[in-house]
Amino acid sequence: MAIPATYCSPLKIRGLFQFCYRTKLQMTWNIADRREFSCSVATSYPAAVLSGTAIARQIHKEIQASVEQLVAQGNRRPHLAVILVGDDPASRVYVRNKTRAASLLGISSSALLRPAGVSQAELLDLIDQMNRDWRVSGLLVQLPLPGHINERAVCNAIAPEKDVDGFHIVNIGKLVLDQRTMVPATPAAVWEIIKRTGIETVGKNVLVVGRSKNVGMPIAMLLHSDRNHERPGGDATVTIAHRCTPRDQLAHHCRLADIVIAAAGVPQLITADMVKEGAVVIDVGINRIHETGSGRIRLVGDVDFEGVQQKAGFITPVPGGVGPVTIAMVMKNTVTAARNALAH
Ligand SMILES: NC(=O)C1=CN([C@@H]2O[C@H](COP(=O)(O)OP(=O)(O)OC[C@H]3O[C@@H](n4cnc5c(N)ncnc54)[C@H](O)[C@@H]3O)[C@@H](O)[C@H]2O)C=CC1
Ligand SMILES: Nc1nc(=O)c2c([nH]1)NC[C@@H]1CN(c3ccc(C(=O)N[C@@H](CCC(=O)O)C(=O)O)cc3)C=[N+]21
Ligand SMILES: [Mg+2]
């Protein structure tokens, strides 16, 4: 393909490079004769791995600056209270990650631990105390909760203005109506990864695999909604797959997708044969699998990373992908809650 030299302004050339990178067009430019480009589609050219750890570091810097500004203005440090019921090892890891990130960012925090047998009434009472404690900026109850406790009742007991998870029914309602609100951390993390990488969503086909109220549904909500609304959306054409989607239909919808977001909790669900060449693949899944042989536990996502990496344009790893950015977004919501409290 030959492109006349008159089309090659520096901005257009940069755009062309970015376009070629994303779509895996391999481009050579004949230096001797500047009027000639040659383009071909790469067949196996590994995806760019999107480091959630690096994106989280960037967000951390912004949060740190925001916290120090609050403190310099004579305010208390934002405070995050995390309630953990029972001793599920994974939940403990997440809670530890959250309190560690908080201290790194100059946010004070407390982890309130209750035994698995705590009654719903006792839990609601604890939440009520935290709601009324003016020192607490943000409050979250780690999920899942033991079976005898109604998770919806617990989420709705948290004061909406302290609800850094965005799980209160009023905050979910606002999210669905495209109003400004506390966006749940994992959906917010997926959004930040896409936007900070410069990936276009307007008019693109997005497949969200998973429809849970905390993860899949709000991700789909952010990406399909209108970019000109109070809480801007991605203006994408969104398809939601779930456990009733037949395997061949999942593959069919996946092949049409420019962006695939896997949030099903099923290892190896998304394989290379299902992915369009150059697609963006965001892996939200966190699965602990026992390695055959060594017997060790390994963390994997929902995507066959090694295979899909050969076909996708961008891919997020597990660990080190959506997880660290999720933690960063909880911190960001905590600072937002602290700032909102000042305004009142
Ligand atoms: N990285 C992060 O920050 C976070 C990761 N996660 C992980 O994301 C995954 C999803 O989490 P949740 O939504 O809370 O789980 P969930 O169990 O509540 O929902 C799973 C969803 O996947 C769908 N699904 C199940 N099997 C499927 C299949 N074969 N094909 C298509 N859809 C299928 C179900 O219909 C359901 O809507 C889990 O692995 C979880 O550990 C969850 C929260 C945060
Ligand atoms: N009220 C509530 N809010 C939540 O936001 C919430 C919750 N409950 N329950 C469980 C899920 C899960 N979740 C994760 C957070 C961080 C990592 C994370 O840091 N992942 C690391 C690895 C951590 C590890 O080693 O296990 C990574 O992907 O690199 C993962 C998952 C938040 N959740
Ligand atoms: Mg991850």
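Residues numbered from 1 in each chain as written. Chains lettered and ligands numbered in written order. Predicted model: local features only at pLDDT ≥ 70, side-chain atom pairs only at ≥ 80, totals over all residues. Heavy atoms only, no water.

Going by an unreviewed UniProt entry, the chain carries the name Methenyltetrahydrofolate cyclohydrolase and comes from Alosa alosa. UniProt annotates the chain under Subcellular location (unreviewed entry) with the comment "Mitochondrion". Heading Sequence similarities (unreviewed entry) of the UniProt record for the chain holds this comment: "Belongs to the tetrahydrofolate dehydrogenase/cyclohydrolase family." (UniProt positions renumbered as here; feature names shortened; annotations may be inferred.)

Colleague: Please set out the UniProt feature "domain: Tetrahydrofolate dehydrogenase/cyclohydrolase catalytic" (unreviewed entry) in the chain residue by residue, giving values where relevant.
Modeller: Using the residue numbers shown here, the UniProt feature "domain: Tetrahydrofolate dehydrogenase/cyclohydrolase catalytic" (unreviewed entry) corresponds to residues 50-165. Structurally, residues 50-165 is divided into 49% helix and 16% strand, and its ends, taken at the C-alpha atoms, are 24 Å apart. (Helix = DSSP H or I, 4+ residues; strand = E, 2+ residues; numbered from the N terminus.)

Colleague: Got a sec to walk through the side chain of Asp-178? Specific residues and values, please.
Modeller: Of note, Asp-178 is situated in the loop between α6 (169-176) and α7 (185-197). A distance of 2.6 Å separates the side chain of Asp-178 from the side chain of His-229, its partner in a polar contact. (Polar contact = N/O pair within 3.5 Å; in protein donor to acceptor, adjacent residues only side chain to side chain.)

Colleague: Describe in detail the packing of aromatic side chains, supporting the description with residues and values.
Modeller: Inspection of every chain in the model, using the stated rule, returns zero aromatic pairs. Lying across the ring of Trp-191, Lys-195 places its NZ or CZ 4.8 Å from the centre. (Phe/Tyr/Trp six-rings, centres within 6.5 Å; stacked < 30°, edge-to-face > 60°. Lys NZ or Arg CZ within 6 Å of the ring centre and 35° of its normal.)

Colleague: Help me get a handle on the packing of helix α2 (residues 52-72) against helix α11 (residues 322-343), residues and values and all.
Modeller: Look at α2 against α11: their axes get within 9 Å of each other, and the N-to-C directions meet at 20°. The angle between the axes of α2 and α11 places the two elements in the roughly parallel class. Both α2 and α11 take part in a crossing whose hand is left-handed. When α2 is examined against α11, the residues Gly-52, Thr-53, Ile-55, Ala-56, Ile-59, His-60, Ile-63, Ser-66, Val-67, Gln-69 and Leu-70 are found in contact with a partner set consisting of Pro-324, Val-325, Ala-328, Met-329, Met-331, Lys-332, Val-335, Ala-338, Arg-339 and Leu-342. Looking at the contact of α2 with α11 residue by residue, the class counts come to 14 nonpolar, five polar and two charged. (Axes fitted to C-alpha atoms, helices over the stretch in contact; angles between N-to-C directions. Parallel < 35°, antiparallel > 145°, perpendicular 65-115°, else oblique. Left-handed = near helix turned anticlockwise from the far one by under 90°. Contact = heavy atoms within 4.5 Å. Nonpolar A, V, L, I, M, F, W, Y, C, P; charged D, E, K, R; others polar.)

Colleague: Describe the site of ligand 2, with residues and values.
Modeller: Around ligand 2 sit 17 residues in total, of which Val-141, Leu-143, Asp-165, Arg-288 and Gly-320 are the nearest. In the model, an oxygen atom of ligand 2 is placed 3.3 Å from a nitrogen or oxygen of the Asn-97 side chain. At 2.7 Å, a backbone N or O of Gly-320 approaches an oxygen atom of ligand 2. Compared with its free state, where it exposes 670 Å², ligand 2 has 80% of that area covered by protein. Counting residues per element, the shell around ligand 2 draws most heavily on helix α3 (residues 89-104), at four residues. (Near = heavy atom within 4 Å. Areas by Shrake-Rupley, 256 points an atom, 1.4 Å probe, with all protein chains shown as cover.)

Colleague: I'd like a description of the pattern of salt bridges, backed by residues and values.
Modeller: A pair can form between side chains of opposite charge whenever their charged atoms are brought close. The tally for this structure, following the rule as stated, stands at ten salt bridges. Ionic pairing is found between Arg-132 and Asp-128, a salt bridge with its closest N-O pair at 3.0 Å. Separated by four residues within a single helix, Arg-132 and Asp-128 lie in helix α4 (residues 120-132), roughly one turn from each other. Residue class for Arg-132 comes out exposed when judged on its relative accessible area of 59%. In this structure, Asp-273 engages Arg-255 in a salt bridge whose closest nitrogen and oxygen atoms are separated by 3.9 Å. Taken together, the residues Asp-273 in the loop between β9 (259-262) and β10 (280-283) and Arg-255 in helix α9 (residues 247-256) connect sequence positions 18 residues apart. Residue Arg-255 is classed as partly exposed on the basis of its relative accessible area, which comes to 41%. (Salt bridge = Lys/Arg side-chain N within 4 Å of Asp/Glu carboxyl O. Buried < 20%, exposed > 50% of the residue type's maximum accessible area, 1.4 Å probe, protein only.)

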